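Structural features, examined
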Amino acid sequence: MVRDELQQASDTLREASELVDEETQQRLYDQSNQLAELATRDTDPDHGRLDRHMNVLHELGRELDGEASELVQSARNSVKEYRKTVPGV
């Protein structure tokens, strides 16, 4: 099972990572890898975990500008859209 929104967020963060410094690039890679893993797990991630990713992406987006910031915001929106489909809260 692939969760398309989470995979899209991961891919978008990889694209953003090409536009930033090395330290920020590593942070984006970390988020990208974690989202890619969530996209292919057998179980749905919980709201808390998704919320943590959204918070990290919000902070990263605020630290960046231009296209990199827009891409991070797009990734965050993908996670947000997926989160709407998760049962619970």
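Residues numbered from 1 in each chain as written. Predicted model: local features only at pLDDT ≥ 70, side-chain atom pairs only at ≥ 80, totals over all residues. Heavy atoms only, no water.

1. Points about the overall build of the protein chain
The secondary structure content of the protein chain amounts to four helices and zero strands. Listing each helix as α and each strand as β along the protein chain from the N terminus yields α-α-α-α. The globule rule puts the C-alpha radius of gyration for 89 residues at 12 Å, and the 12 Å found for the protein chain is close to it. Overall, the C-alpha framework of the protein chain stretches about 35 × 20 × 15 Å when taken along its three principal axes. Counting all 89 residues of the protein chain, 39% fall into the buried class. Sequence separation of at least 24 residues holds for 69% of the intrachain contacts in the protein chain that already meet a minimum separation of 6. (Helix = DSSP H or I, 4+ residues; strand = E, 2+ residues; numbered from the N terminus. Rg over C-alpha atoms; globule rule 2.2 N^0.38 Å. Buried < 20%, exposed > 50% of the residue type's maximum accessible area, 1.4 Å probe, protein only. Contact = heavy atoms within 4.5 Å.)

2. A short note on helix α4 (residues 66–83)
For α4, built from 18 residues, the straight-helix expectation of 26 Å at 1.5 Å per residue is met to within 8% by its first-to-last C-alpha distance of 26 Å. Taken as a whole, α4 has its buried residues at A68, S69, L71, V72, A75, R76, S78, V79 and Y82. (Expected span 1.5 Å × (residues − 1).)

3. Concerning helix α3 (residues 47–63)
Between the first and last C-alpha of α3 there are 24 Å, a value that for 17 residues agrees with the 24 Å anticipated at 1.5 Å per step. Listed as buried for α3 are H47, L50, H53, M54, L57, L60 and G61. Summarising the axial view, the buried residues of α3 lie within an arc of 150°, below the 170-degree limit, and thus occupy one face. More than 90 degrees from the buried face of α3, the exposed residues found are R52 and R62. (Arc of directions from axis to C-beta.)

4. Quick look at the pattern of salt bridges
For the coordinates displayed, the defined rule picks out five salt bridges. For E63, the salt bridge is made with R27, and the minimal N-O distance between the two is 2.8 Å. Of the two residues, E63 sits in helix α3 while R27 sits in helix α2 (residues 22–40), which places them 36 residues apart along the sequence. For R27, a relative accessible area of 30% puts it in the partly exposed group. Close ionic contact of E81 with K84 constitutes a salt bridge, the shortest N to O distance being 3.0 Å. (Salt bridge = Lys/Arg side-chain N within 4 Å of Asp/Glu carboxyl O.)

5. A look at the nonpolar core
Of all hydrophobic cores here, the largest spans 21 residues; its most connected members are L6, L35, L57, V72 and V79. With six residues, the top contributor of residues to this core is α4. Excluding residues that lie within four positions of it along the chain, V72 makes contacts with L13, A16, L28, L57, L60, G61 and L64. (Core = buried A, V, L, I, M, F, W, Y, C linked by side-chain atoms within 4.5 Å.)

6. Comments concerning a negative patch on the surface
Residues D11, E15, E18, E67 and E70 make up a contiguous surface patch of negative charge. Elements with a contribution of two residues or more to the negative patch: α1 (4–17) and α4. (Patch = residues over 30% accessible without salt bridge, like charges linked within 9 Å, V, L, I, M, F, W, Y side chains within 5 Å. Areas by Shrake-Rupley, 256 points an atom, 1.4 Å probe, with all protein chains shown as cover. Lys, Arg positive; Asp, Glu negative; His and termini not counted. Charge placed at Lys NZ, Arg CZ, Asp CG, Glu CD.)

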